[in-house]
Amino acid sequence: MIRWMIVIFLALLLISWFTPLLQKLGFGKLPGDFRFRAFGREWFLPVTTTLLLSMVASGISKLI
């Protein structure tokens, strides 16, 4: 269980680091990607982008 939590945390961390690059490609603006302000900060939850990139990674891994 803890291993999956670490994997999910690392995946979200990598996506947040690559957010500027992904936004130039059109990711992060998909329906289902949430942006909101709370506690004086802007929060970004890339739900749809995460699912889409996960499907791409899964497809690549099946080809290899």
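That block above? That's the structure.
Summarised in this report is the structure supplied together with it. (Residues numbered from 1 in each chain as written. Predicted model: local features only at pLDDT ≥ 70, side-chain atom pairs only at ≥ 80, totals over all residues. Heavy atoms only, no water.)

**Quick notes on the overall build of the chain**
Convention followed: The helix count covers DSSP runs of H or I at least four residues long, the strand count covers runs of E at least two residues long, and both are numbered beginning at the N terminus. Note on contacts: a residue pair qualifies if any of its non-hydrogen atoms lie within 4.5 Å across the two residues. Computed by Shrake-Rupley with a 1.4 Å probe, the accessible areas treat only the displayed protein chains as cover when residues are assessed.
Counting its regular elements, the chain contains three helices and two strands. Put simply, the chain runs from its N terminus to its C terminus through helices and strands in the order α-α-β-β-α. Its C-alpha atoms give the chain principal-axis dimensions of roughly 45 × 30 × 20 Å. Taking the intrachain contacts of the chain between residues at least 6 apart in sequence as the baseline, contacts between residues at least 24 apart amount to 21%. Carbon and sulfur atoms form 75% of the exposed surface of the chain, whose accessible area is close to 5,600 Å².

**Observations concerning the pattern of salt bridges**
Basically, it comes down to this: Within this document, salt bridges are pairs made up of a side-chain nitrogen of Lys or Arg and a carboxyl oxygen of Asp or Glu, the two lying within 4 Å of each other. Exposure is judged per residue with a 1.4 Å probe applied to protein chains only, and the accessible area is read against the type maximum: over 50% gives exposed, under 20% gives buried, and values in between give partly exposed.
Tallied over the entire structure, the rule returns two salt bridges. One salt bridge in this structure joins R35 and E42, with 3.0 Å as the shortest N-O distance. When its relative accessible area of 41% is taken as the criterion, R35 is described as partly exposed. Residue R37 is joined to E42 by a salt bridge in which the shortest nitrogen-to-oxygen separation is 3.9 Å. We classify E42 as partly exposed; its relative accessible area is 43%. Here the salt bridges share partners, and the residues they tie into one network are R35, R37 and E42.

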